[in-house]
Amino acid sequence: MELDFTPILESRRFLLDGLERTLLLSLLTVILSLVLGAAVGLERVYGPRWLRVPLVFYIDSMRAVPVLVVLVWTYFALPLLSGVTLPPFWAALVALSVHIAAYVAEIVRAGVASVRPGQMRAALALGMSRAQAVREIVLPQALVRMLPAFGSIISITIKDTAIATVIAVPEYMNHSQTLAGESFRPIEVFMVAAAVYFLILFPTTRAVDMLYARLAHLGRS
Amino acid sequence: MTLDWSVVSANAGALLEGTELTVLLAAATMALAVPGGIFLALLRLSGSRVLAGASAAFTEFFRNLPLILVIYSAYYIMPLALDVSLPPFATGLAALALNVSAYNGETFRAGIASIRKGQGEAALALGMSRWQAMREVVLPQAVRRVLPVLASTWVSLFKDTSLVSVIAVGELAYTAMRIRSQTFRVLEMLTAMAAIYWMLGYPQAKLVDWINRKFGVSE
């Protein structure tokens, strides 16, 4: 079997275009799911009791349903229900963020719970308000402890954006498939795709691990 | 918009078959990936640099690739490179097993490494052989620690089986989407698909939480 990478070199523009969209979708999804997940996670811990039931239901439902199903449902079924048709990229952003935010919420809850209750009581005893105690005592310690988990969220997000190809988001996986079909060189195209994803994901996870190794002492109490 | 939910009951048989294949695929993958993971972990801890390096390379490679890419690659590359034409189910199973084995390898390695060295040393000091110490002292404790992680991996795997629908394995997601395009009842079929996954996945997620509380270690 002979390998021929010329079709890939000739279409590098097309692939780079897809890669750019993969990175953009990943970045926006990470930001959106961190914001949404932090809000849900904190409301679950510190929010009013009546809010806890729907939030837990949302989190557990997202843990129960495949991301593919959320993607396909958001893109094909939601427009029929709401009357608003989202372009594939935005549908993927919404679906991925709603899905991944549930995992972020769990991380936030676990991080906050890992700070011993005595810390909170001590802060209150010193005359801090509850909000102050959360902001200035609990969260700074919890955030450091959540770092490794956030690292895996970034890597999960990048990997999940590849699934957006099923709703035809023109990201890297999608462009690879197109090129594999047009060039009749699927082996070479997918080999390059594997190398590209690996070269993005491996350094990302390593960088987060190294950052955590440096900051871990700040989370100890 | 008119909804016609009868399409779901009319196709209940096909959906049930799809669900069965989903469960079967997840179970078959785990049946391959648990021994696969133990094998990778033992290579990693073997003391041989070459074997440990090979195991680490395999693990890092598959942990840092999108699963859907592995599935597509298996579908296109295996027939051309290996000169065998496997049915979609076997191709999907191979891709899932490679992915989950890599995760399980890390799980088992961490589980065995989490048992303090003194445990094995004490067993040796009591006159046990290395293998006895591993089997009777280290492994029983490691399994307890590994169980919650394996349970979470199972739930992830159960959901990830939906990805093999892209290579036409007739599991639940593929079946639901096929009926959708045949009947044009998009909202009904996709909602039914989500509901079935939810009904199967929700108790599993809750069970994982329970296993975590029961077997989880906090030191």
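Residues numbered from 1 in each chain as written. Chains lettered and ligands numbered in written order. Predicted model: local features only at pLDDT ≥ 70, side-chain atom pairs only at ≥ 80, totals over all residues.

Some details on the overall build of chain B
The test is simple: Each helix is a run of H or I in the DSSP string that is no shorter than four residues. Each strand is a run of E no shorter than two, and both are numbered from the N terminus. Three exposure classes are used, all based on how many other C-beta atoms lie within 10 Å of a residue's own C-beta (placed from the backbone): buried at 20 or more, exposed at 12 or fewer, and partly exposed between those limits. For the purpose of contact definition, each residue receives a C-beta atom placed from its backbone, and two residues are in contact when these atoms lie within 7 Å.
When its secondary structure is counted, chain B shows nine helices and zero strands. Reading the helices (α) and strands (β) of chain B from amino to carboxyl end gives α-α-α-α-α-α-α-α-α. For chain B, the spread of C-alpha atoms along the three principal axes comes to 75 × 45 × 25 Å. Taking all 219 residues of chain B together, the buried fraction comes to 41%. Once local pairs closer than 6 in sequence are excluded, the contacts in chain B between residues at least 24 apart make up 75%.

Notes on the overall build of chain A
Tallying secondary structure elements over chain A gives nine helices and zero strands in all. Listing every helix and strand of chain A by position from the N terminus yields α-α-α-α-α-α-α-α-α. Judged by the C-alpha coordinates and their principal axes, chain A covers about 70 × 45 × 25 Å. Looking at chain A as a whole, 39% of its 221 residues are labelled buried. If you take every contact in chain A between residues at least 6 apart in sequence, the share linking residues at least 24 apart comes to 79%.

Here's the deal with the interface of chain A and chain B
Using the following cut-off: The nonpolar class holds Ala, Val, Leu, Ile, Met, Phe, Trp, Tyr, Cys and Pro. Asp, Glu, Lys and Arg form the charged class, and all remaining residues, Gly among them, are polar.
In this complex, chain A contributes 32 residues to the contact, which on the side of chain B involves 32 residues. The dominant element in the side of chain A that touches chain B, judged by the number of residues it contributes, is helix H9 (residues 186–215) of chain A, at nine residues. Partitioning the side of chain A that touches chain B into residue classes produces 26 nonpolar, three polar and three charged.

With respect to the confidence of the model for chain B
Selection criterion: Each residue carries a pLDDT score, the predictor's confidence in it, ranging from 0 to 100.
For chain B, the average pLDDT comes to 92, and 98% of its residues sit at 70 or higher. For this predicted complex, the interface score ipTM comes out at 0.91, alongside a pTM of 0.91.

Concerning the nonpolar core
Just so we agree on the cut-off: A set of buried Ala, Val, Leu, Ile, Met, Phe, Trp, Tyr and Cys residues, joined through C-beta atoms within 7 Å, is what we mean by a nonpolar core.
Residues Val69, Leu71 and Ala92 of chain A together with Ile68, Leu69, Ile71 and Met193 of chain B are the most contacted members of the largest nonpolar core, which totals 101 residues. The element that contributes the greatest number of residues to this core is helix H5 (residues 88–113) of chain A, accounting for 14 residues. In contact with Ile68 of chain B, not counting residues within four places along its chain, are Ala162, Ile163, Thr165 and Met173 of chain A together with Leu163 and Val166 of chain B. By size, the runner-up hydrophobic cluster in this structure holds eleven residues, among which are Leu40, Leu43, Ile112 and Leu150 of chain B.

Focus: the environment of Phe14 of chain A
All names here are of chain A. Inspection of the secondary structure puts Phe14 in helix H2 (residues 12–46). Taking C-alpha positions, Phe14 is 38 Å from Val108, a pair spaced 94 residues apart along the chain. Setting aside its immediate chain neighbours within four residues, Phe14 contacts His175 and Leu179.

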